[in-house]
Amino acid sequence: MGEAPGVAVTAEGWSWQHAERETPAIAGLDLQISAGEKVLLAGASGAGKSTLLHGLAGVLHDEDAQAAGQLLLDGVPAEQARGRAGLMQQDPESQVVLSRIGDDVAFAAENLAVPRAEIWGRVDRALEAVGLGGFGLEHPSAKLSGGQKQRLALAGILAMRPGLLLLDEPTANLDPAGVRQVRDAVLRSAELTGATVIVVEHRLEIWAEHMDTLVVLGTGAGVRRRSPAAQIRTDEALGDELSSMGLWVPGRDPLRGLSIPRSAGADREDPPPEPLCPEPQGELLLHAGGLAVGRHSPTTRWRRGAIAPPTLTGVEVEIRRGETLGITGANGAGKSTLLLTLAGLLPAHGGTLTATAGLKGDGPGELLAADPHDWRSADLVARIGMVFQEPEHQFVRGSVAEELALGAEQAKVPGTAEPLYTPAEIDARVQRLLDRLGLRALAQANPFTLSGGEKRRLSVGTVLAAGPELLLLDEPTFGQDAHTFRELISLLQDHVDAGGTVLAVTHDAAFLRGLQARELKLQRGTPPPEAPAAGELFGGMRADSWLGRRNALAKLIAVFLITAALVVTIDVVSAGVVVLASLAALPLAGIRAAGLLRLMWPFALGAVVAAWGTALAAEESGAVLVDLGFTTISEGSLALGLALGARAFAIVLPSVIIFSTTDPTDLADSLAQQLRLPARFVLGALAAMRLLGLLAEHWTTLGHARRARGVGAHGGVRQRLRSTLSQAFGLLVQAIRMATRLAVTMESRGFGAGRRTWARPARFHAADVPVILGGALIGAAAVCAAVAAGTWNFVWS
Amino acid sequence: MSSRKTTTRSWSWTVSDIVVASVLAVASGVIFWGWNLSYHLIGNLFVFYPPVETLVHGMWLFPAVLGALVIRKPGAAIYCEMVAAAVSALLGSQWGLTVLSSGFMQGLGAELVFLAVLYRRFSLEFATLAGAASGLTGGITYHWIVPMYAYAPLETIIHISCFALSGAVIAGVLPWLATRGLAASSVLGPLASRRAHREPMLLGGTPRG
C-alpha cells in the first residue's frame, strides 16, 4: 500500500488550555516534522504530549477551551485533515470498536466512505501488515491478547491509509512479548507506507534506536529540545535531563542512589547472572497446598452452563515473613486469579489455603479460620493488603486523607466489633502516610483527580494504613514512569525492612531485580481464561443455527408480531399457542430442551410471581377462595392472574429464542441500513455493547476491592446498600473513562462526520420471508384461537 | 457565569456525548445485573402485598435521569433508558420485547421535565421531578398503554404512586448525587456537565467554588 506518502507536520505558536484548567497543557509550540520522519516525543508527566497527539489527530475540540496558533498536516489544519492521521492510545480495550476483527478494521474505511468493493481488500492487507492475517475476519476481538488488540488497532488505522501514525504510549499496558510485537508491527507499517511516525513513550529503550529524532516538550511550554534520537545513548547530559523527567533512559537504573542494601547488582539493564535469592528463612505465614483457583465461584453456577473449571490447579506456595516473592508467567496463566485467592477475595476451588498463627496474630487472632476467604473484611484489612492493578478500583472516599483513614477505621479486633486502632492512632497513621507518600499537599483532593503516579502511591498507602503484614500487588508498575517506579520500590522496601512481606504478580523484570524478589513462575495449564465476552453473558450465540443465519430485522419483525398479538389480549389460550409454536421452532434455533430450561427458569418463576400478584391485587370477582383480611384471592382474580402469568411467559419465550440466535452486530447493521435509524447512535450503542463483558468484569473487581478495603457487601442491610452504591459509582467512573477513550478512538477513525459506507450489506433474502411469515402466522393463530375458544380478553376495553 | 455558557452550548450531540451515553446505558445494564444477583430475594418482601413492589422499581429508571444529567442534550433520557432496556432485552428480560416500549415511555417521563426547562436546569428538584415523572409514565404504561398488570383501581393507584416515589428517590436523587460525584472526580471533561459539582443544589442557590 505504497500510495500513502508521509505527512509533514507543522505547529505554529500552538497553545491549548483545557476548560476548567488554570494553566495551558501546551503553550507556544513551534515544531516542524518532515514527511516520513520518525519522532520520539518525550517529556515529564503532564507536559502535554497526549494533548499534542490528540490535536494532531483532530479530536481536540471543546467550545470552552482556549486555543491559539495552528497545527497543520501538509498545510491543512489538523481538524480538517480527516483520515490523514491515525491515533493509537495506551489502553488496548478502548482501541477496539467492534466485536469481529474484520469489522473493526473496516470501521475506519467505512467512516471515510470508501466504496464497499475496496474495503475488504484494504482490510486484508492491513491485517496482513500487522501480522494478524492468520485470523479469520470473523475472529472475536475479545479473544485477542492486549498486544494483539493494539496490532488490531494499528490495522484499523492503516485501513484509512494515513500519512501520520500517532502512538500514545502504545505499549505501556503490555507484557514484554506484546511490546516487541506492537513495536515491530508499527515499524514495519511505517516502512511499508512511508508514513510519518510520532511516538510518546516513557520507556525510551523500546523505540530509541529505531527513531530519527527525539523531541522533548517542556511542561506547559513548547519544544525544550530536539536532537537526533541516537544521542539518547551517547549524550550523558541529555540522559540526565530525561531521567529527571521520570523517563526510562536506556542503560540507566532508575533506582540509582536509592539506599537499598541488596540491590548492588541492579545497575545495568542486563539481568544479573540469575537468582541469587536463597530459600527464605522467615516464619511461615500463608501456605497453599495443591491449591486450585478460578475466577468464578466454585459453588454458584455461572448463570448459563456448568460450573466453570479452575484456571490453575496444584499450586504449592509458601509465603514466609520478610520475603519478597514475584509471581510471573504467561498471559492467562492465572496469576491474578491466584493472587486474589491468596488475598482471601476469591474462594479456593480445591486444595488448601492456610494462614498460620504468624499471620493471624496472637490472642483474638487465634479465633480466625484457617482460610482467609472465611474472614470478615474487617479482619482481612489488618492482615492481608491487596493493591489492585487499577488504583481507581480501590477508591471509595471523597478525599485522599479519608481514603487513607478508611482501612485503619475498618480494622476490628477478631471476633468483636471493637476497633483495632484508636482515633488518635488512626490520625497518626494517616499523617505519617501523607508525608511518606508525598501527598500532604493533596490531602483534601479527590483521589480520582490525582495523576497516575500519585494514584499508584495512594493505592499502596490506603492498604498500608491498616497495618497488614502481607502486601499483595497486581502488576503495580504497569504504565508507570521511572519516578513512580522508584517511589514504589522504595515504599515496598520500607515495608519489608519493617518486617513485612511482599508478593507481587508482575511482568516487570526491573521490578523483580529492584526488590531482589524470589520468582515463582507459573506454567500455563488449562487454556487461557478470557474476559467474559459479551457472548458469555448473552448465554452464547447460536449463530450457526438456521435462525442464526437469518436477517436480524426479519427476526425482530417476527418477534414484534408475536409480541403484539400477546399484548392485545390477556388470556391463556393465545399464550398457550405461542408457547407451543415457540417450542416447535426450537430446532431451528439449535436450542435443546435442557438448554431452554436453563434459559427460561427465571422467567417461569417471574410468571408465577406475576400470577400471584394479580390474584391478590386484581378486582374481586366470583367466589372468594382466600381471605387475607386486607385483600382476597377470588376465582376471578386467580383466573386473571394465571392468564397474565402465562402471557408473561409467552412474551419472553420468543424473544429469548430470537436474541440468543442474533448477533448484536448484525442487529445494528440491520437497524442502521434497513430501518434507517441514525448510524451514529446505532454504532455508538453497538460499540458500548461490546464493553458489556468488560464492565461486568470491572463490577466484580470493584466488589473484591471493596472487601479488600474493609467495606465489602456483608453484614446489615445498610452496609450492603452502601457497598453496592459505592460499587455502582466506581463502575460509572470506569465506564465514563472507557467511553471517553473509546470516543477518541472512534473519532480519530473518522467516525461521526459525513456520509459513511457499509462494508457488510444488510438486506432481506428469500430465506427471510418464512421468518416474517412465521411470526405473522403465530400471532394470527394465537388471536384466532383465543377468539374461537371464547377467552379473548381485549386489554384496552 | 456558567449558566450563560450552558445556554449557548449547542444542542447537537458530539461523538463523546453519544459514546458516553451509550456506555453509561450499558453500565446501567451491568448494575441491573449485579443488583439482580445480590438482591433477588428483595422481591419476596412484597409477596403479601404486590402493589407496593414498585417501591424498588425506581432502580430500572435511573439510566434516564443519569443520562440527562450527564449529557444535557435533548433525547439523552430517552436514549439512555432505551439502550439500557435493549441491553436487558438482549440479556433476557422478564418482559421480552415490551421492555422497548416501557423503556421509551419511562425515558419520556424524565425527558419531558428537562424539555420543559429547555435543558438549562439540572438541579436537585428537577432531577427528583424527572425521576418521579419517569415512574409515573412507567406506571401508566404498565397499566394502560402496554398493560402488564390487571389490578383493581385502588391497587393500581398504589402501584403507580410507589413507582413514582421510588423513581424520585432511586432514579432522581441518586443520579443527581452520582453526577456531582462524577464531576468532582473530573471524569466528565469533554461533557457539558463537567462543572455539575460546583453548581447550586437547588434552583436559585449560589454556586460553590
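About the thresholds
- Residues numbered from 1 in each chain as written.
- Chains lettered and ligands numbered in written order.
- Predicted model: local features only at pLDDT ≥ 70, side-chain atom pairs only at ≥ 80, totals over all residues.
- Helix = DSSP H or I, 4+ residues; strand = E, 2+ residues; numbered from the N terminus.
- Rg over C-alpha atoms; globule rule 2.2 N^0.38 Å.
- Buried ≥ 20, exposed ≤ 12 C-beta atoms within 10 Å, placed from the backbone.
- Contact = placed C-beta atoms within 7 Å.
- Axes fitted to C-alpha atoms, helices over the stretch in contact; angles between N-to-C directions.
- Parallel < 35°, antiparallel > 145°, perpendicular 65-115°, else oblique.
- Nonpolar A, V, L, I, M, F, W, Y, C, P; charged D, E, K, R; others polar.
- Pairing = 2+ DSSP bridges.
- Domains from an automatic or database assignment.
- Expected span 1.5 Å × (residues − 1).
- Bend = angle between axes of the 7 residues up to and from the residue.
- pLDDT = per-residue confidence, 0-100.
- Left-handed = near helix turned anticlockwise from the far one by under 90°.
- Right-handed = clockwise from strand over helix to strand, strands pointing away.

Let's shift gears to the overall build of chain A. Secondary structure assignment for chain A yields 25 helices and 20 strands. Scaling as 2.2 N^0.38, a compact globule of 797 residues should have a C-alpha radius of gyration of about 28 Å, and chain A matches this with 30 Å. Overall, chain A is about 95 × 75 × 50 Å in size when its C-alpha atoms are taken along their principal axes. Looking at the 797 residues of chain A, the share that counts as buried comes to 52%. A fraction of 77% describes how many contacts in chain A between residues 6 or more apart in sequence connect residues 24 or more apart.

Along chain B, the regular secondary structure elements total 7 helices and 0 strands. Looking at chain B as a whole, 61% of its 209 residues are labelled buried. If you take every contact in chain B between residues at least 6 apart in sequence, the share linking residues at least 24 apart comes to 72%.

Quick look at the interface of chain A and chain B now. Contact residues are listed per partner, giving 63 residues for chain A and 52 residues for chain B. Of all the secondary-structure elements, those providing two or more residues to the side of chain A that touches chain B are α17 (552-567), α19 (593-617), α20 (635-659), α22 (679-690), α23 (692-708) and α24 (717-748) of chain A. Looking at the side of chain A that touches chain B element by element, the count peaks at 16 residues for α24 of chain A.

The subject of this paragraph is the packing of α17 of chain A against helix α25 (residues 769-789) of chain A. All names here are of chain A. Remark: α17 packs on α25, axes separated minimally by 8 Å, with the N-to-C direction vectors making an angle of 5°. As summarised for this structure, α17 and α25 are arranged roughly parallel, according to the angle between their axes. Contacts between α17 and α25 involve A554, K555, I557, A558, V559, L561, I562, A564, A565 and L566 on the former and, on the latter, V771, I772, G774, G775, A776, I778, G779, A782 and V783. Among the residues making up the contact of α17 with α25, the classes are represented as 15 nonpolar, 3 polar and 1 charged.

Moving on, we come to the sheet that holds strand β2 (residues 26-33) of chain A. Residue and element names in this part refer to chain A. Within the open sheet, the 4 strands sit side by side as β2-β1-β4-β5. Their pairing is antiparallel. Each end of this open sheet is capped by a strand with a single partner; those strands are β2 and β5 (76-77). Examined bridge by bridge, strand β4 (residues 66-73) and β5 share 2 bridges and lie antiparallel to one another. Bridged to L72 within β5 is P77. Those strands touched by helix α1 (residues 49-56) are β1 (9-17), β2 and β4, and its axis lies near 120° from that of β1.

On to the domain arrangement of chain A, then. As assigned here, chain A comprises domain 1 (9-244), domain 2 (283-526) and domain 3 (534-674 + 764-789). Using C-alpha coordinates to define each centre, domain 1 of chain A is positioned 49 Å away from domain 3 of chain A.

For the rest of this paragraph, the subject is helix α7 (residues 153-184) of chain B. All names here are of chain B. Between the first and last C-alpha of α7 there are 45 Å, a value that for 32 residues agrees with the 46 Å anticipated at 1.5 Å per step. Taking the largest bend as the criterion, α7 deviates by roughly 30°, centred on G167. The first or second residue beyond α7 is S186, which carries a positive phi of 50°.

Residues and elements named next belong to chain A. On average, residues of chain A carry a pLDDT of 90, and 93% of them reach 70 or more. Low confidence marks residues 262-276, where pLDDT is under 50. Its contacts with residues over four positions away, or in another chain, come to 15 contacts. Counting interchain partners and residues more than four positions distant, the pLDDT-below-50 stretch residues 526-539 has 37 contacts.

Take the sheet that holds strand β13 (residues 324-329) of chain A next. All names here are of chain A. Within the open sheet, the 5 strands sit side by side as β15-β16-β17-β13-β18. Their pairing is parallel. Only two strands of the sheet have a single neighbouring strand rather than two, namely β15 (384-387) and β18 (518-522). The mean angle between the axes of side-by-side strands here comes to 20°, regardless of whether they run parallel or antiparallel. When strand β16 (residues 470-474) meets strand β17 (residues 501-505), the two strands line up parallel, connected through 5 bridges. If you follow L472 over to β17, its bridge partner there is L503.

Our focus in this paragraph is unusual backbone geometry. Residues and elements named next belong to chain A. A positive phi angle, close to 45°, is found at E475, a residue other than glycine. For E475, the location among the structural elements is in the loop between β16 and α14 (482-497). Looking at E475, the number of C-beta atoms within 10 Å reads 22, which means it is buried.

Residues and elements named next belong to chain A. Put simply, α23 and α24 touch, their axes get as near as 9 Å, and they point 135° apart. Here α23 lies oblique to α24, going by the angle between them. When the axes of α23 and α24 are compared, the crossing they make is right-handed. Touching L695, H698, W699, L702, G703 and R706 of α23 are S723, S726, Q727, G730, L731, Q734 and A735, all from α24. Residues belonging to the contact of α23 with α24 are distributed by class as follows: 5 nonpolar, 7 polar and 1 charged.

Residue and element names in this part refer to chain B. When you tally the buried positions in helix α3 (residues 62-71), you get 10 out of 10 residues, the bulk of the element. Turning to α3, its buried residues number three or more, namely F62, P63, A64, V65, L66, G67, A68, L69, V70 and I71. Positive backbone phi, at 60°, marks R72, one or two positions downstream of α3.

So, on to the pairing of strand β11 (residues 284-293) of chain A. Residue and element names in this part refer to chain A. As paired strands, β11 and strand β12 (residues 312-320) are joined by 6 bridges and run antiparallel to one another. Note on β12: the bridge partner recorded for H287 is E318. Pairing analysis gives 5 bridges linking β11 to strand β14 (residues 350-355), with the strands arranged antiparallel. Its bridge partner lying in β14, L286 is registered against A355.

Further remarks concern the environment of S459 of chain A. Residue and element names in this part refer to chain A. When you line up the elements, S459 lands in helix α13 (residues 452-464). By the C-beta count within 10 Å, which is 25 here, S459 ends up buried. The spacing of S459 and E22 is 437 residues in sequence and 27 Å in space, taken between C-alpha atoms.

A separate point is the environment of A428 of chain A. Residue and element names in this part refer to chain A. Among the secondary structure elements, A428 is positioned in helix α12 (residues 423-437). Taking the C-beta count within 10 Å as the criterion, A428 has 13 such neighbours and is therefore assigned partly exposed. Once the C-alpha coordinates of A428 and S34 are considered, the two residues, 394 residues apart in sequence, prove to be 57 Å apart.

Attention now moves to the pairing of strand β8 (residues 196-200) of chain A. Residues and elements named next belong to chain A. Of all 5 residues making up β8, 5 are buried, and the element is well covered by its neighbours. Burial along β8 is two-sided: T196, I198 and V200 facing one way and V197 and V199 facing the other are all buried. One ladder, built from 4 bridges, connects strand β3 (residues 38-42) with β8; its direction is parallel. Bridge pairing links V39 to I198 in β8. Where strand β7 (residues 164-168) meets β8, 5 bridges bridge the pair, whose relative direction is parallel. Looking at β8, one finds that D168 is bridged to V200. The parallel pair β7 and β8, bridged by helix α5 (residues 176-193), forms a crossover whose chirality is right-handed.

It is worth spelling out the environment of A132 of chain B at this point. Residue and element names in this part refer to chain B. Tracing the backbone through its elements, the reader meets A132 in helix α6 (residues 124-145). Accessibility expressed as a C-beta count within 10 Å gives 26 for A132, which makes it buried. Distance in space between the C-alpha atoms of A132 and I158 is 14 Å, their sequence separation being 26 residues. Not counting the four nearest positions on each side in its chain, A132 is found in contact with A164, G167, A168 and G172.

Moving on, we come to the confidence of the model for chain B. All names here are of chain B. Chain-level pLDDT for chain B is 89 on average; 90% of the residues reach the 70-or-more range. Scored below 50 in pLDDT, residues 1-7 makes 6 contacts in the model with residues more than four places away or belonging to other chains. Taken over the whole predicted complex, pTM reads 0.93, whereas the ipTM for its chain interfaces reads 0.94.

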